[in-house]
Amino acid sequence: MAFAMVGGVAAAPVLAQDPALSPPSYPPLPAPSLNFYGSPGLLDMPSAEMQPDGQFSVSYSWFGGQARYNLTFQALPWLSASFRYNGIQNLSTTSFSTYYDRGFDVRARLWREGRYRPEVTMGLQDFAGTGVYAAEYFVATKQFQAPALGFGGATGKLKLSAGLGWGRLGSYGAIGNIGTRSSFTPGSTGGTLSYDQWFRGDFAPFGGIEWQPNARWGFKLEYSSDAYVAETQDADVFVRKSQLNFGAEYQATPRTRLGAYYLYGSEVGVTAQIQLNPFHPVRPMAVPAPLPIVPRSDWAKTEADWSHNWAQSAESSLTLRDQLAQQLEQDGLILESLEIDSTRAEVRFRNPRYRSDALAIGRTARVMSRMLPASVETFRMVPVRSGMGLSATEIRRSDLEMLEHDAHAADALVAVAGIGGAAPLPDAALVSPDLYPAFSTSVSPYSAPAYFDPDQPFRLDLGLDFKASYEPAPGWVLSAALRQRLWGNVKNGRASNSKLPHVRTDQMEYAQYGTTLENLFVSRYWQPDHNLYARATAGLFESMYGGVSAELLWKPVDSPLALGFEANYVVQRDFDQRFSFRDYKTFTGHASAYYELGGGYQMQLDAGRYLAGDYGGTLSLDRVFDNGWRVGGFVTLTDVSAEDFGEGSFDKGFRFDIPLDWMLGKPSRNSFGLTVRPVQRDGGQRVYVPGRLYGQIRDAHRASLIDQRARMWE
C-alpha cells in the first residue's frame, strides 16, 4: 500500500497485498535491563545501552530507606527521557520523615556499538529538579558472547560498561576536577535547568559487568562512584561500607523483570520492571475478516448487467442505499448518505468501531464493490464525524478488482487514487433514514488520581461514570455524565497554598462529594468554508468549570500545518459539582499552531490567556504511533514568576495514551490515558472543553491515512 500525488492531491491509501505474501513476524528482541534510576544500566550506575525504539518502561526500586518510581520512554532510537519520583527516609538535611522529590533524566547515544568500538552514551540525571540526584556522565558499553555455564543454551551474553560521572556520580574516588559545583539545597522549589552546573566539579570513574547466561537470568557486579554523602553523613538513611554492588535479575515474563541485590556492603535492594512497547500489543488484534472483492468480470456477463438504465429509477437508488447501510452495519460502520449516478458513487459514513479511518475506508470500498451496479466505476468514501465530512478518498473500482491479490498492488495503484477535501453534503444525496435523533447511553469505570502530596504521594478515586448523549440533527450533540465515587482518598489531600487564584489546586475540595454531575453541555459542529471547521459549546464542561466556548480550525487535508483559535468565558463550579457556581469567572483563550513533523511526531504551540489570568505559551511534543499509542510532554511559560508559581517554578509534565484495542485485541476507539505533572499548581492551566477539533479531524486527513495505510485492507 502507498500514497502518491495526483494533480496536486495526495494519493489515497492503496490496498495491501495478499497476507500470504506479507513479511514474517518475529518476536521482539529482549530489552536491556534497567538500573535503580529506571534507565538501562547495572545497579546504581548507567550503561550505554538504549531500549528498543518506542519502549515505555515503568520500574520500582528500593534499598537503604530509598524508594524510586521511574517512567522511561525511548523517544527516538538514540534518545530517551525519564521521570522519577523518589522518597528518602530520615534524610537529616530536611525536616521531613520521608523526603519526596521529583526529577527528569535524558540520555543521548553518541555512537552505536561496532565490531571493535563500544556503544557510547551521554546522560543528564535530575537535570530539572531540586538536584538531590543531579549527575552527568559519559559511559561506554561493549557486548561479547559468553558461556552459559549450565544455565541452558550454548552461549550467553557478557556486557562490560565503564564511564566517568560528575555530581552524584563523581562524589567518590574522584580523579580530577572541572570548575566548581554547588551541592544539593534542601527546600529548593526546583524546576529550573541547572545548565551552569552540568559537567562541573569532581569527576570519577565507575563501571561494571553484566552476565546473561540465557534470556531469563542476569547477574551484575558494579563499582559505584556515588558516595551518598547526604544519606550517610549521619548514618540516618544507611551505612555505606563498600563501593561494590552485585545482584541477580530474572525475566519473569516478556514484559516483567525482577531483581534482588546487595549494595554498598550493608543493604539489600529489590527492583520490579514492566516493559511495554507500542509495536508489540498485549493481544494480537482480532478483527473479523473483510468481505472479498468480487470482480465484475465474474458476474456481469450480459449487456443488461452493464446498463445505466437503473440510475433513472429513484426506487433503485433507495434500495441500494438501504442495502449498503445493512452491509456496512455488519462491519460496525454507519451509513450517513449515498449519492449515486450511473458511473460514480459517494458514500458518507461514521466509524464508531475502528481506531483507524484507513481501515474503515478500505472496508467501505469493499462493500461498495460488492453491492453497486457494474456501471459504477468511481468510488468516493467520506468519513463523517460530528456531522462534518473530514476527507474524501477516491478509488477506481477496476483498480480494486484487478490488483486485490497482486503482490505489487501498492505501487500499481499510486497513480489512480487520491485524497481530497470533502465537499458539503450534495442536495441529491440520499440520507439514511432514522439516524436522527440519536440517543445513546453507557456505563464505564473511572479513575481520578492525585499525585505527589508529601503526606501520601499517590491518592486515587475510583467509581462509575453514567453517560448519555443525544444528537437531534447532524452536528448537534447534547451530552451529560453523572459520576459516582465508590472508593477513594483524594479528599484527604493537602489544602492549596497557592498565591494565585485557585483554578486547579482545590482538587481536594472537589473530591469531598460522592455523587456529582461531571458535565452537561451542548455542542454544535459545522464547516463554515473550505478547510475550515468550527465548534461552539455551552454548559458544564468539566468538574471545575462551565461556560461558553467557541473554536475555529483551519486544516487542509494534505497540509502538515493547522491553525486554530479558541475563546472561552468560564465560571468556576461549586465544590459539590451540581448547578451552582463560585464567584471566580474569567476569559481564557488561545491561538494554536499544530505541525506534523513526520515519523509520527506532532508539535503544538499555544499562546494566550490561562485560567489564573496569566499570559504565556505552551509547547507540546507528542509521538503518535500507528496503532493509537501516544506519548509526549509539554512545557508552559507564563508571566507568573517562579516565586508566585511555587514549587516547580513553571508548569510542565508528560502524558501518555494507551489504546484499549492494543490491550484487549478487539476493535475499539477508546483508550486509557494519564497526564502527570511533577506538581499541580495554578499557573499555566487551561480549561478542559470536550470535543476539541484538531484530534478528531486530523485522524482522517492525509498524514494519518498515510501512517496507517497498512490497515487499508484488513
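Rules behind the numbers
Residues numbered from 1 in each chain as written. Predicted model: local features only at pLDDT ≥ 70, side-chain atom pairs only at ≥ 80, totals over all residues. Heavy atoms only, no water. 1 Å grid on protein atoms, 1.4 Å probe; cavity = no way out; pocket = protein on both sides within 12 Å on 5 of 7 lines; lining within 4 Å. Points joined across faces, edges and corners; volume = space filled by probe spheres on them. Helix = DSSP H or I, 4+ residues; strand = E, 2+ residues; numbered from the N terminus. Buried < 20%, exposed > 50% of the residue type's maximum accessible area, 1.4 Å probe, protein only. Pairing = 2+ DSSP bridges. Right-handed = clockwise from strand over helix to strand, strands pointing away. Core = buried A, V, L, I, M, F, W, Y, C linked by side-chain atoms within 4.5 Å. Contact = heavy atoms within 4.5 Å. Salt bridge = Lys/Arg side-chain N within 4 Å of Asp/Glu carboxyl O. Expected span 1.5 Å × (residues − 1). Polar contact = N/O pair within 3.5 Å; in protein donor to acceptor, adjacent residues only side chain to side chain. Axes fitted to C-alpha atoms, helices over the stretch in contact; angles between N-to-C directions. Parallel < 35°, antiparallel > 145°, perpendicular 65-115°, else oblique. Left-handed = near helix turned anticlockwise from the far one by under 90°. Nonpolar A, V, L, I, M, F, W, Y, C, P; charged D, E, K, R; others polar. Phe/Tyr/Trp six-rings, centres within 6.5 Å; stacked < 30°, edge-to-face > 60°. Arc of directions from axis to C-beta. Patch = residues over 30% accessible without salt bridge, like charges linked within 9 Å, V, L, I, M, F, W, Y side chains within 5 Å. Areas by Shrake-Rupley, 256 points an atom, 1.4 Å probe, with all protein chains shown as cover. pLDDT = per-residue confidence, 0-100.

**Overview of empty space enclosed by the protein**
Under the counting rule described, the total for this entry stands at two cavities of 30 Å³ or more. Here the second largest cavity is characterised by a volume of approximately 40 Å³. Around the second largest cavity, the lining residues are N35, Y37, S39, P46, D105, V106, R107, L124, Q125 and Y137. Contributing elements (two or more residues each) for the lining of the second largest cavity: β6 (98-111) and β7 (119-125). Here the lining of the second largest cavity takes three residues from β6, the largest share from any one element.

**Quick word on the pairing of strand β18 (residues 378-385)**
Extensive coverage of β18 is indicated by the burial of seven of its eight residues. The pairing of strand β17 (residues 344-350) with β18 spans six bridges and is parallel. From the neighbouring strand, V347 faces β18, where its bridge partner is M381. Between the parallel elements β17 and β18, the chain passes through helix α3 (residues 357-371) in a crossover that is right-handed. Sheet analysis places β18 next to strand β19 (residues 388-389), joined by two bridges and oriented antiparallel. Looking at β19, one finds that R385 is bridged to M388.

**Notes on the nonpolar core**
Formed by 32 residues in total, the largest nonpolar core has its most connected members in L324, I340, V347, M368, L372 and M381. Looking at this core, the elements with two or more residues in it are α2 (314-330), β16 (334-340), β17, α3, β18 and β21 (417-420). Per element, the largest residue contribution to this core is seven residues, and it comes from α3. In contact with V347, not counting residues within four places along its chain, are L324, L328, L335, S337, L338, T364, M368, R380, M381 and V382. Ranked by size, the runner-up nonpolar core spans 23 residues in total, among them L42, I88, V132 and Y228.

**Here we look at the pattern of salt bridges**
Applying the stated criterion to the full structure yields 40 salt bridges. Across the pair R494 and E647 runs a salt bridge, and its minimum N-O distance is 4.0 Å. You can see R494 sitting in the loop between β25 (476-488) and α6 (507-510) and its partner E647 sitting in the loop between α7 (642-645) and β34 (651-659), a full 153 residues away along the chain. Owing to a relative accessible area of 39%, R494 belongs among the partly exposed residues under this scheme. When salt bridges with common partners are traced through the structure, they connect E339, R344, E346, R348, R380 and E394 into a single cluster.

**Looking at α3**
It helps to recall that an α-helix has 3.6 residues per turn; residues three or four apart then point in one direction. The terminal C-alpha atoms of α3, which comprises 15 residues, lie 21 Å apart, in line with the 21 Å expected from a rise of 1.5 Å per residue. Of all the 15 residues making up α3, 13 are buried; the element is thus mostly covered by neighbouring parts of the structure. One side-chain oxygen at the N-terminal end of α3 lies 3.3 Å from the backbone nitrogen of A358; it belongs to S356.

**Here's the deal with the environment of R578**
Residue position: R578 is located in the loop between β29 (561-573) and β30 (581-598). With relative accessibility at 41%, the residue R578 sits in the partly exposed group. Along the primary structure R578 and L540 are separated by 38 residues, whereas in three dimensions their C-alpha atoms are 9.4 Å apart. With residues up to four places along the chain from it excluded, the contact list for R578 reads T515, L517, L540 and R573. Among the polar contacts made by the side chain of R578, one reaches the main-chain carbonyl oxygen of T515 at a distance of 3.1 Å.

**Considerations on the packing of α2 against α3**
Where α2 contacts α3, the two axes come as close as 10 Å, and the packing angle between them is 135°. As far as their axial angle goes, α3 and α2 are oblique. In this structure, α2 crosses over α3, and the sense of that crossing is right-handed. Judged by residue contacts, L320, Q323, L324, Q327 and L328 of α2 engage T364, V367, M368 and M371 from α3. When its residues are assigned to classes, the contact of α2 with α3 shows six nonpolar, three polar and no charged.

**Some details on the side chain of S317**
The topology assignment puts S317 in helix α2. Apart from the residues within four sequence positions on either side, S317 is in contact with W310, L338, I340 and L430.

**Side note on the environment of H308**
If you trace the backbone, H308 turns up in the loop between β15 (267-276) and α2. What makes H308 partly exposed here is its relative accessible area of 39%. Along the backbone, H308 and G547 are 239 residues apart, and their C-alpha atoms lie at a distance of 55 Å. Residues in contact with H308, not counting those within four places in the same chain, are S342, T343 and S375. A polar atom in the side chain of H308 sits 3.3 Å from the side chain of S342.

**As for the packing of aromatic side chains**
Evaluated as defined, the whole model comprises 32 aromatic pairs. Ring centres of Y60 and Y69 lie 5.1 Å apart, and the angle between their planes is 50°; on these two criteria the pair is classed as tilted. Assessed through its relative accessible area of 30%, Y60 is described here as partly exposed. Residue classification places Y69 among the partly exposed residues on the basis of a relative accessible area of 45%. On the numbers, 5.0 Å between centres and 85° between planes, the contact of Y510 with F575 is edge-to-face.

**Comments concerning α2**
If you check α2, its first and last C-alpha atoms are 25 Å apart, about what 17 residues at 1.5 Å a residue would give, namely 24 Å. For α2, the complete set of buried residues consists of S317, L320, R321, L324, Q327 and L328. In a view along the axis of α2, the buried residues occupy a sector of 140°, so they form one face of it. Seen from the buried face of α2, the exposed residues on the opposite side, beyond 90 degrees, are E315, Q326, E329 and Q330. Considering only its buried residues, α2 is in contact with β16, β17, α3 and β22 (430-431).

**Digging into a nonpolar patch on the surface**
On the surface, a nonpolar cluster with roughly 610 Å² of combined accessible area is contributed by Y172, L221, Y223, L244, F246, Y262 and V268. When you line up the elements, L244 lands in strand β13 (residues 244-253).

**Topic: the side chain of S479**
Within the element layout of this structure, S479 appears in strand β25. For S479, the residues in contact, after removing those within four places along its chain, are A468, S469, N519, L520 and F521.

**Here's the deal with the confidence of the model for the chain**
Mean pLDDT for the chain: 88, with 92% of residues reaching 70 or above. A low-confidence stretch, residues 1-26 stays under pLDDT 50, and its non-local contacts, those more than four residues away or across chains, total 79 contacts.

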